[in-house]
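Breakdown of the fold
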Amino acid sequence: MAGQLVYVMGPSGSGKDSLLQSAASRKGSALRLMKRYITRSAESEGEDAFSLSPEAFDAMQARGAFAMSWRANGLAYGIPIELDELLEQGHTVLVNGSRAYCEAAVQRYPLALVVLVQVDPPLLLQRLLQRGRESREEIAQRLARNTALDAAFIETLRKQGARVVVVDNSGDLDTAVTQFLHTIEQATTLEQQ
Ligand SMILES: Nc1ncnc2c1ncn2[C@@H]1O[C@H](COP(=O)(O)OP(=O)(O)OP(=O)(O)O)[C@@H](O)[C@H]1O
Ligand SMILES: O=P(O)(O)OC[C@H]1O[C@H](OP(=O)(O)O)[C@H](O)[C@@H]1O
């Protein structure tokens, strides 16, 4: 595949969606952002995703409509198979991924650039509460997930040969977007050498 997959992951509330939306909409950006299928009601605040029922999700999965899919936080997530077409065409494509699915993603796309978005832990809770998409109990469950998905797994990924970089989003979003874009530019330049 001639294109570059950029697989972005990180704790809930770390700013993956904000970062991806801002990066893809920066003036002159040629980046493509995959719109996800999520079994979440369309009324929920948040990213621009296709919302569907669990039954419809299963049917799509069965007919091979997803390039990648996973379940987390009581929801199912799917990345449309059109991802492969965009990569074949040579595009740089951004995907909002899951840490738990990362190893499988790298197995399927060994040249993927994996970006871990991090935020100082006290800020995470604050941002999730301010966003107000989940109940307090759901937020607590999302934070508890971080203990199991401790950043130590990054080392395991690197040992397996994956390209993993960290972007800190504890400051203002614009700074993180600039760092993110710089990282992608560097990775794609290196790839072409
Ligand atoms: N740098 C930032 N400074 C202040 N607020 C931010 C920053 N980045 C993101 N936010 C806010 O933090 C909240 C969480 O961000 P966002 O929804 O992008 O995170 P996420 O990683 O996509 O979360 P999830 O995985 O749960 O969907 C949002 O309300 C967003 O506006
Ligand atoms: O915890 P891990 O496995 O990294 O990610 C789980 C999933 O949860 C988040 O989605 P959202 O908060 O429902 O939009 C992520 O984007 C990911 O898809």
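Further up the page is the structure itself.
Residues numbered from 1 in each chain as written. Chains lettered and ligands numbered in written order. Predicted model: local features only at pLDDT ≥ 70, side-chain atom pairs only at ≥ 80, totals over all residues. Heavy atoms only, no water.

1. Some points on the packing of aromatic side chains
Enumeration over the complete set of coordinates arrives at five aromatic pairs. Each residue in the set Tyr-37, Phe-50, Phe-57 and Phe-66 is aromatic and connected to the rest through ring pairs, giving one cluster. A cation over an aromatic ring shows up here: Lys-35 above the ring of Phe-50, its NZ or CZ 4.3 Å from the ring centre. (Phe/Tyr/Trp six-rings, centres within 6.5 Å; stacked < 30°, edge-to-face > 60°. Lys NZ or Arg CZ within 6 Å of the ring centre and 35° of its normal.)

2. A short note on the site of ligand 1
Around ligand 1, the structure places 16 residues, and the nearest of them are Ser-12, Lys-16, Ser-18, Arg-131 and Asn-169. Contact between ligand 1 and Ser-12: an oxygen atom at 2.5 Å from a side-chain N or O atom of the residue. One of the side-chain nitrogen or oxygen atoms of Arg-131 is found 2.8 Å away from an oxygen atom of ligand 1. Here ligand 1 has 640 Å² of accessible area as a free molecule, and 77% of this is covered by the chains. Elements that contribute at least two residues to the shell around ligand 1 include exactly helix H1 (16-25) and helix H5 (121-131). Of all the elements, H1 adds the most residues to the shell around ligand 1, at three residues. Per-class residue counts for the shell around ligand 1 are two nonpolar, seven polar and seven charged. (Near = heavy atom within 4 Å. Polar contact = N/O pair within 3.5 Å; in protein donor to acceptor, adjacent residues only side chain to side chain. Areas by Shrake-Rupley, 256 points an atom, 1.4 Å probe, with all protein chains shown as cover. Helix = DSSP H or I, 4+ residues; strand = E, 2+ residues; numbered from the N terminus. Nonpolar A, V, L, I, M, F, W, Y, C, P; charged D, E, K, R; others polar.)

3. As for the side chain of Lys-16
Within the secondary structure, Lys-16 is located in helix H1. For Lys-16, a relative accessible area of 13% corresponds to the buried category. When near neighbours in sequence (up to four residues on either side) are disregarded, Lys-16 contacts Val-8, Met-9, Gly-10, Pro-11, Asn-96, Gly-97 and Val-117. (Buried < 20%, exposed > 50% of the residue type's maximum accessible area, 1.4 Å probe, protein only. Contact = heavy atoms within 4.5 Å.)

4. Details of unusual backbone geometry
Only a minority of non-glycine residues have a phi that is not negative, and only a minority of peptide bonds are not trans. Even without being a glycine, Asn-73 presents a positive backbone phi close to 55 degrees. Position of Asn-73 relative to the elements: it lies in the loop between strand E5 (66-72) and strand E6 (75-80).

5. A closer look at H1
Along an α-helix, residues three or four positions apart point the same way, because every turn accommodates 3.6 residues. What H1 keeps buried is the set Lys-16, Leu-19, Leu-20 and Ala-23. Here the buried residues of H1 occupy an arc of 95 degrees about the axis, which is enough to place them on one side. (Arc of directions from axis to C-beta.)

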